[in-house]
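# Architecture at a glance
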Amino acid sequence: MTNNLLNFTIKTARKAGELILKSRKKGLQINEKGKNDLVTNMDKAAEKLIIKEIKSAFPSHSILAEESDFLNETTPEDYAKSKFIWLIDPIDGTTNFAHGLNEYAISIGLFKTAKSEHSKNFQYLSGELIMGVVFAPALNELFYAKKGKGAYLNDKKIKISNISKLKNSLLATGFPYNNRKRNLPYFSTMIDQSQAIRRLGAASLDLCYVAMGRFDGYWEFDLKPWDIAAGTLIVKEAGGKITDTNGNMLDLFGKDILATNGKIHQEMIKAFKKL
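The text that follows walks through the structure, step by step, so that each part is easy to find. (Residues numbered from 1 in each chain as written. Predicted model: local features only at pLDDT ≥ 70, side-chain atom pairs only at ≥ 80, totals over all residues. Heavy atoms only, no water.)

Attention shifts here to the sheet that holds strand E10 (residues 170-173). Strand order in the open sheet formed by five strands is E11-E10-E12-E14-E13, with mixed pairing between adjacent strands. Of all strands in the sheet, those with a lone pairing partner are strand E11 (196-198) and strand E13 (241-243), marking the two edges. Strand-to-strand twist in this sheet, taken as the mean axis angle between neighbours without regard to direction, amounts to 20 degrees. As judged from the five bridges shared by strand E12 (residues 217-221) and strand E14 (residues 256-260), these two strands associate in the antiparallel manner. Directly across from Glu-220, in E14, lies its bridge partner Ile-257. Running over the sheet, helix H6 (residues 203-211) touches E10, E12, E13 and E14 and is turned about 155 degrees from E12. On top of the sheet, helix H8 (residues 265-273) reaches E10, E12, E13 and E14; it is set at about 145 degrees to E14, its chief contact. (Pairing = 2+ DSSP bridges. Helix = DSSP H or I, 4+ residues; strand = E, 2+ residues; numbered from the N terminus. Axes fitted to C-alpha atoms, helices over the stretch in contact; angles between N-to-C directions. Contact = heavy atoms within 4.5 Å.)

Dropping the structure here:
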């Protein structure tokens, strides 16, 4: 079944990518969802296409998508009633897309639910990510992973880097739309302890670049489940490590993430804990 799901998801991502590339040439309608947070007519059109494909093929599955804003209406308990949840970002890196940069991607993850649980600090869904697809149409790069089957870029298997020291690492990060200053102490610390830091503006691609060794580590705050679902599995299947920035179990609803090649993970956590 997972092979069929993967083929379906890849086909759907490519359809959305084709729509985006064709429509991009015709011009965009750009609006602000909030301060520094853009949305275009293509975000909505691509999401509509993806949701239509999923609902047609898998009518019993739930969907959590950026532009549909399901989170404001639905709790983890509600989603736990569904066996599968699709997590969709139709254009991750909308600001890049709106300004004509090619670093944007369609991100589609599939989560198999177990139940809704509570920890000391947050409510979360118990289960596992079983599939992730990230497609950067302008770059013609298709990343995908299936649980237990490895991670791939354009059908070639990928793996994390061998960098073992933070001082030799190339890192990536991002800055939240609503609180950019939150990340400044972390950025300042890492810029002194790493070789360099990049800021691409698309969390899904940051994660995929960790998975294939372009980056050695990546962290960010105030993210949404659809930002990280697909990329998280791709990193894991490429041999990387995923936690929150404190080194605890990653919660898709927890809003912060640390992804590395595993070799520099503890060094980064140690540095973060001093802040």
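Now, onward.
Now for the packing of helix H5 (residues 184-193) against H8. Remark: H5 packs on H8, axes separated minimally by 10 Å, with the N-to-C direction vectors making an angle of 130 degrees. On the basis of their axis angle, the class for H5 and H8 is oblique. Like other packed secondary-structure pairs, H5 and H8 cross with a definite hand, here right-handed. Contacts between H5 and H8 involve Tyr-186, Thr-189, Met-190 and Gln-193 from the first element and Met-268, Ala-271 and Phe-272 from the second. (Parallel < 35°, antiparallel > 145°, perpendicular 65-115°, else oblique. Left-handed = near helix turned anticlockwise from the far one by under 90°.)

Remember that the coordinates give geometry; whether it matters functionally is a separate question.
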